[in-house]
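Observations on the three-dimensional arrangement
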Amino acid sequence: MIDKRTYNRRSELATFGVIGAFVLLRVATFAFKVSLSPFDYLMLGMPLAIGLFIWNFRPDLDLAFQAQLAKASSEDEFTRLFKIAAACLFFAVLFVAGLAFITIHPPVKHLEKANVIAFLAPPFLSIAAPRFIAIFGLLTDSYRRI
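In this text the structure is predicted, and so the values were computed from the model without any measurement.

Let's talk about the overall build of the chain
Check the secondary structure of the chain and you find 5 helices and 0 strands. Reading the chain from its N terminus to its C terminus gives the helix and strand order α-α-α-α-α. Looking at the 146 residues of the chain, the share that counts as buried comes to 32%. Counting contacts in the chain only where the partners sit at least 6 residues apart, residues at least 24 apart contribute 84% of the total. When the accessible area of the chain is evaluated, it comes to approximately 9300 Å², of which 72% is carbon and sulfur surface.

Next comes the structure, spelled out in structure tokens:
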């Protein structure tokens, strides 16, 4: 039995770390009077995203936790995993499309909001990506059994 609080601990620490890094970046840009575009924020967030993906990637634990959740559910395993996988795919496409739009056409009116999204979206997506991978892995196993 995997404890949910223990399982989510790394993700919580990563989330707090990303928010802290963003606050430090904003203080540094204010203190040194540096003007950065959303693309610059995106490029600063990408190494953080790669590092957080590596830190949060625990394939065996992710698979075991998702399998435990699937056994606890009263719904059909394939149907449940398909719904979750569709939501994960929607979430990822929404983040990537939003990032592409913000970096290609930065809004003039709400530039600060675009900067926040451009910096925070890749790390948050990389925090959730190992769970997405585990869900898609379980979905393929469930499909093969059908």
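So, next bit.
Some words on the environment of D76
Along the polypeptide, D76 turns up in the loop between α3 (59-72) and α4 (77-104). Linking D76 and M43, residues 33 residues apart in sequence, is a C-alpha distance of 42 Å.

Quick notes on the packing of α4 against helix α5 (residues 111-145)
One way to put it is that α4 packs onto α5 with a least axis distance of 8 Å and a crossing angle of 155°. Judged by the inter-axis angle, α4 sits roughly antiparallel to α5. Considering only the axes of α4 and α5, their crossing is left-handed. Classifying every residue of the contact of α4 with α5 gives 27 nonpolar, 1 polar and 2 charged.

What counts as what
Residues numbered from 1 in each chain as written. Predicted model: local features only at pLDDT ≥ 70, side-chain atom pairs only at ≥ 80, totals over all residues. Heavy atoms only, no water. Helix = DSSP H or I, 4+ residues; strand = E, 2+ residues; numbered from the N terminus. Buried < 20%, exposed > 50% of the residue type's maximum accessible area, 1.4 Å probe, protein only. Contact = heavy atoms within 4.5 Å. Areas by Shrake-Rupley, 256 points an atom, 1.4 Å probe, with all protein chains shown as cover. Axes fitted to C-alpha atoms, helices over the stretch in contact; angles between N-to-C directions. Parallel < 35°, antiparallel > 145°, perpendicular 65-115°, else oblique. Left-handed = near helix turned anticlockwise from the far one by under 90°. Nonpolar A, V, L, I, M, F, W, Y, C, P; charged D, E, K, R; others polar.

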